[in-house]
There are 4 protein chains.
Amino acid sequence: MRIKEKMAVENGISHIHHIDVRFSEVDSLHIVWHGNYIKYMEDGREAFGRAFGISYLDVKAHGYTIPIVKIACEFKKPLKYGEKAIIKTTFIKTEAAKIIFYSHIYNEKDELVASGETIQIFLDEKNELCLQAPDFYNEWKKSIFETQV
Amino acid sequence: MRIKEKMAVENGISHIHHIDVRFSEVDSLHIVWHGNYIKYMEDGREAFGRAFGISYLDVKAHGYTIPIVKIACEFKKPLKYGEKAIIKTTFIKTEAAKIIFYSHIYNEKDELVASGETIQIFLDEKNELCLQAPDFYNEWKKSIFETQV
Amino acid sequence: MRIKEKMAVENGISHIHHIDVRFSEVDSLHIVWHGNYIKYMEDGREAFGRAFGISYLDVKAHGYTIPIVKIACEFKKPLKYGEKAIIKTTFIKTEAAKIIFYSHIYNEKDELVASGETIQIFLDEKNELCLQAPDFYNEWKKSIFETQV
Amino acid sequence: MRIKEKMAVENGISHIHHIDVRFSEVDSLHIVWHGNYIKYMEDGREAFGRAFGISYLDVKAHGYTIPIVKIACEFKKPLKYGEKAIIKTTFIKTEAAKIIFYSHIYNEKDELVASGETIQIFLDEKNELCLQAPDFYNEWKKSIFETQV
């Protein structure tokens, strides 16, 4: 049921993840409560991470955590119970010691439901901010973008 | 990725549903927070419902709602982030104006993680309790159990 | 707004905690989604814990964790957005290496909305089950029930 | 325990709301999961709304709903279990058919933990977008800002 595709885009690398809307995620207006899109965005990023080797658990294995420092989301259309959310997560290339993802959430009619952005930073094992991107991350980026040519 | 099987058991009909544990469902003890199993049980019931035509939306199409009146859950083993929950939902045959489901949640090693039970009642369009099971439900039960012979 | 009372009951010690129903806790039937009562019950237990010195953080300071092994809840009446949940949490005296709480949730008209029970066990610092109740817990029980005379 | 103050600021009207961090809101990094700040922001807006007569229920009584169309949040410092979130919600004056709130979340040391912004629009009883702000809202704004002089 869950379709996984890997797609290259011009300025990044994308991944598609499908989610069934849960009954408990729908509010009294009969639509997905806006805060639940933050979960969907994280699901999308983690599905990307599992596909490309940069999930929370992969990062943790290198001794780092990557907390969110900024999130933004615009809501275009409602999603209802019984519908699916199709999340396209795009990794945005940057030289900074950050991870930037764009999230585009579609319904099954391929209509844009919501779009968002997250920025994550790196904390080392002492929970201190990394001013420079860790080596493992630079190598990961290199390996990913080289295979895109 | 999501496996769906329909299985008949002696005293009921079962359905299997797979869930990826979400990062946001894990608590500071690094295990799925106990309240989230209630979501997993509902996901399992609704996956059963979609497979057999008795989901919330199916029931609503007949003019009824089926709120939970009782829930119980026993927790045997923890589930962690990165793991999958495999939920076996079993519909328990009863003559009462109730819907009874058993839920058994397993990890990928096929170890029982949690087991639970829910009881639902029928409310009609006026939000009043149905003392007798609605006709559509009796017919549904008949059709389901006949095909199990 | 939040009223806190300590009350002794015959077979236990009780504590009252008030909660405002959150918009995001109400489902498409316009009532609090049943799984959110599990949160309310935990809120009530932790408010009890903070009042009597047996909260998660108190227990952790002694080197233990107290995961839930069993939960049950019966739902009597719906709660709606704009309403308050008044949670009476009662610690039930037992000789076993367990913590047993009863939860009674009322609305502002003093009608019983839901009632539940939880059982918790003790895990030590190695995450192993305590077959006997830890000393700190026995002393805590003694101190609590002595002051109730 | 919950302190409520009404405060006027230069470019808006503010309200303070206090929240106890729930155990279930803390993730495996031992900090409040970022998506839960969206709940805190809504709690703050609704506490503002109840104090000033512009809550979801007030708006609904006039025949409108006010879904979120944009949300942004920056995370400065973590919040842990056992801590309180102090949410300052500021209504930002605008001529547009929108509701704009700024949210500033502090810990008990008065350190800024997170800051965010939401934009809401008006839908009428037919679920159609209001291109002009409804009369009741214009009157509400007038009454609120007049009393601020």
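See the structure above.
Rules used throughout
- Every chain's residues receive numbers from 1 upward, in the order its sequence appears when written.
- The lettering of chains begins at A and the numbering of ligands begins at 1, in the order of writing.
- Where local features are concerned, this predicted model is filtered to residues with pLDDT of at least 70; where side-chain atom pairs are given and counted, the filter is 80 or more; whole-chain, interface and lining totals use all residues.
- To get the side-chain values, take all heavy atoms of the structure and skip hydrogens and water.
- Only residues with pLDDT of at least 70 in both copies contribute their C-alpha atoms to the least-squares superposition of the copies.
- Contacts are assigned to residue pairs that have any heavy atoms within 4.5 Å of one another.
- Any Lys or Arg side-chain nitrogen found within 4 Å of a carboxyl oxygen on Asp or Glu counts as a salt bridge.
- Here a polar contact is taken to be a pair of N or O atoms separated by no more than 3.5 Å, where protein atoms must pair a possible hydrogen donor with a possible acceptor and residues adjacent in sequence count only if both atoms sit in side chains.
- Elements are defined by DSSP. Helices are runs of H or I of four residues or more, strands are runs of E of two residues or more, and each kind is numbered from the N terminus.
- Three residue categories are used. Nonpolar comprises Ala, Val, Leu, Ile, Met, Phe, Trp, Tyr, Cys and Pro, charged comprises Asp, Glu, Lys and Arg, and polar comprises the others, including Gly.
- Nonpolar side chains (Val, Leu, Ile, Met, Phe, Trp, Tyr) are joined into patches within 5 Å and like charges within 9 Å, using only residues with over 30% relative accessible area and no salt bridge.
- In these tables, accessible area is a Shrake-Rupley quantity obtained with a 1.4 Å probe, and a residue counts as shielded only by the protein chains included in the view.
- Counting rule applied: Lys, Arg positive; Asp, Glu negative; His and chain ends not counted.
- By convention, the point assigned to a charge is CZ for Arg, NZ for Lys, CD for Glu and CG for Asp.
- Residue burial is assigned from relative accessible area. The probe radius is 1.4 Å, only protein chains are included, and a residue is buried under 20% of its type maximum, exposed over 50%, and partly exposed in between.
- Aromatic rings from Phe, Tyr and Trp, taking only the six-membered ring of Trp, are treated as a pair when their centres fall within 6.5 Å; an angle between ring planes under 30 degrees marks them as stacked, one over 60 as edge-to-face, and anything in between as tilted.
- Should the NZ of a Lys or the CZ of an Arg lie within 6 Å of a ring centre and within 35 degrees of the ring normal, that charge is described as sitting over the ring.
- A strand pair is defined by DSSP finding two or more bridges across the two strands.
- Summed over both partners, the accessible area (1.4 Å probe) lost when two parts come together is defined as the buried area.

Turning our attention to the relation of the copies chain C and chain D. Its rotation angle being 180°, the transformation that places chain C on chain D also includes 0.0 Å of axial translation and leaves an RMSD of 0.0 Å. Considering both components of the superposition, the chain copies are consistent with a two-fold axis. Counting the interface residues of chain C, we find that 100% of their copies in chain D are interface residues as well, pointing to one common contact surface.

Attention now goes to the relation of the copies chain D and chain A. Between chain D and chain A, the superposition needs a rotation of 180° and an axial shift of 0.0 Å, giving an RMSD of 0.0 Å. When the interface residues of chain D are mapped onto chain A, 100% of them again lie at the interface, so the same face is used by both copies.

The next thing to look at is the interface of chain C and chain D. Counting residues at the interface gives 19 residues for chain C and 19 residues for chain D. The interface formed by chain C and chain D holds 4 salt bridges in total. A salt bridge links D:Arg22 to C:Asp43, with the nearest nitrogen and oxygen atoms 2.6 Å apart. Linking chain C with chain D are 6 residue pairs in polar contact (both at pLDDT 80 or more). Taken together, the elements giving at least two residues each to the side of chain C that touches chain D come down to β2 (12-20), α1 (36-52) and α2 (56-61) of chain C. By residue number, the principal contributor to the side of chain C that touches chain D is α1(C), which donates 6 residues. Class assignment of the residues belonging to the side of chain C that touches chain D gives a composition of 7 nonpolar, 2 polar and 10 charged.

Taken together, A:Lys60, B:Lys77, B:Lys80 and B:Lys109 make up a surface patch of like positive charges. With a relative accessible area of 53%, A:Lys60 lands in the exposed category.

For the rest of this paragraph, the subject is the packing of aromatic side chains. Inspection of every chain in the model, using the stated rule, returns 68 aromatic pairs over all chains. For the ring pair C:Phe23 and D:Tyr56, a centre distance of 4.7 Å and an interplane angle of 70° mean the geometry is edge-to-face. One end of the pair, C:Phe23, is in the loop between β2 and α1; the other, D:Tyr56, is in helix α2 (residues 56-61), on a second chain. No difference in accessibility class separates C:Phe23 from D:Tyr56, as the two residues are buried. By way of ring pairs, the aromatic residues A:Phe48, A:Phe52, A:Tyr64, A:Phe91, A:Phe101, A:Phe122, A:Phe136, A:Tyr137, A:Trp140 and A:Phe145 are connected into one cluster. Just above the ring of C:Phe145 sits the side chain of C:Lys93; from NZ or CZ to the centre is 4.5 Å.

Position of C:Ser143 among the secondary structure elements: in helix α3 (residues 135-146). At 2.8 Å, the side chain of C:Ser143 forms a polar contact with the backbone oxygen of C:Trp140.

Residue and element names in this part refer to chain C. Along the chain, Lys141 falls in helix α3. Look at Lys141: it is buried, it has no salt bridge, and the nearest opposite charge is Glu95 at 4.9 Å. Among the polar contacts listed, one links the side chain of Lys141 to the backbone oxygen of Thr94, at a separation of 2.6 Å. With residues near it in sequence (within four places) discarded, Lys141 still touches Phe91, Thr94 and Glu95.

All names here are of chain B. Counting buried positions along strand β2 (residues 12-20) gives 8 out of 9 residues, so the element sits mostly inside the fold. Summarising the sheet, β2 and strand β4 (residues 84-92) pair through 9 bridges and their orientation is antiparallel. Within the sheet, the bridge partner assigned to Ile16 lies in β4 and is Lys88.

Counting from both sides, the interface comprises 17 residues of chain D and, opposite them, 17 residues of chain A. With both chains or domains summed, chain D and chain A bury close to 1600 Å², and 68% of this area falls on carbon and sulfur atoms. Linking chain D to chain A there are 0 salt bridges. The tally of links between chain D and chain A comes to 6 residue pairs in polar contact (both at pLDDT 80 or more). Broken down by secondary-structure element, the contributors of at least two residues to the side of chain D that touches chain A are α1 (36-52) and β3 (68-75) of chain D. Of the residues contributing to the side of chain D that touches chain A, the split by class is 9 nonpolar, 3 polar and 5 charged. Two strands pair when backbone bridges link them, and strand β3 (residues 68-75) of chain A and β3(D) are joined in this way by 5 bridges, in the antiparallel orientation.

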